[in-house]
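Coordinate inspection notes
The primary structure of each chain is shown beneath.
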Amino acid sequence: MPETKTKAKTTKKAKKQLIEGLVYVKATFNNTIITLADPQGNVYAWSSAAKAGFKGSRKSTPFAAQVAATELSKDVAERFGVKRVHAKVKGPGPGRESAVRAIENSGIKVLTIEDVTGIPHNGCRDPKRRRV
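Parameters and conventions
Residues numbered from 1 in each chain as written. Predicted model: local features only at pLDDT ≥ 70, side-chain atom pairs only at ≥ 80, totals over all residues. Heavy atoms only, no water. Helix = DSSP H or I, 4+ residues; strand = E, 2+ residues; numbered from the N terminus. Rg over C-alpha atoms; globule rule 2.2 N^0.38 Å. Buried < 20%, exposed > 50% of the residue type's maximum accessible area, 1.4 Å probe, protein only. Contact = heavy atoms within 4.5 Å. Lys, Arg positive; Asp, Glu negative; His and termini not counted. Charge placed at Lys NZ, Arg CZ, Asp CG, Glu CD. Axes fitted to C-alpha atoms, helices over the stretch in contact; angles between N-to-C directions. Left-handed = near helix turned anticlockwise from the far one by under 90°. Pairing = 2+ DSSP bridges.

This part covers the overall build of the protein. Helices and strands together make up the secondary structure of the protein, namely two helices and five strands. Shown N-terminal to C-terminal, the secondary structure of the protein runs as helices and strands in the order β-β-β-α-β-α-β. Since a compact globule built from 132 residues should have a radius of gyration of about 14 Å, the 21 Å found for the protein marks it as more spread out than a globular shape. Per-residue burial for the protein yields a buried fraction of 32% across its 132 residues. The long-range share in the protein, meaning contacts at least 24 apart out of those at least 6 apart in sequence, stands at 61%. Measuring between centres, the 26 positive side-chain charges of the protein sit 6 Å from its 11 negative side-chain charges.

Our next topic: the packing of helix α1 (residues 62-79) against helix α2 (residues 96-105). Put simply, α1 and α2 touch, their axes get as near as 8 Å, and they point 35 degrees apart. Where α1 crosses over α2, the two elements pack in a sense that is right-handed. Of the residues in α2, those in contact with P62, A65, Q66, A69, T70 and S73 of α1 are S98, A99, A102 and I103.

Read across the sheet, five strands follow the order β3-β2-β1-β4-β5 without closing on themselves; strand pairing throughout is mixed. The two strands at the open ends of the sheet, each matched to only one other strand, are β3 (43-48) and β5 (109-115). Sheet twist, expressed as the mean angle between neighbouring strand axes with direction ignored, is 20 degrees. Examined bridge by bridge, strand β2 (residues 32-37) and β3 share five bridges and lie antiparallel to one another. Across the sheet, the residue bridging to I33 is S48, located in β3. The strands touched by α1 are β2 and β3; relative to β3, the strand with the most contacts, the crossing angle is about 155 degrees. Running over the sheet, α2 touches β1 (20-27), β2, β4 (84-90) and β5 and is turned about 165 degrees from β5.

What follows is the structure in structure tokens.
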């Protein structure tokens, strides 16, 4: 008996639409990481200065953060149709403002900017003073 091959039915995956989301910018002294999530906190896309191709000390520049943010915003606008975001910025790094500015310049409207940098409430003891 000859075998008959049956083709499995494939259903087309529904394209996710995300009109409004959250952008988290984590700016450290060594890198800048930008993440796009929906209002529930599910991550849709991310980018960083290292992912954008910067290495070494060039990762920690405002220009690297700008390139990473532009890369992310173009990607999510095309894939998910993002129009508006709320920005949450964390950390003391040099890419804080330039990342948010790059998202704004790429056509995505930034509704709010919030600083969520952690503040220690007298946590760890400071290291012993250095005597030279």
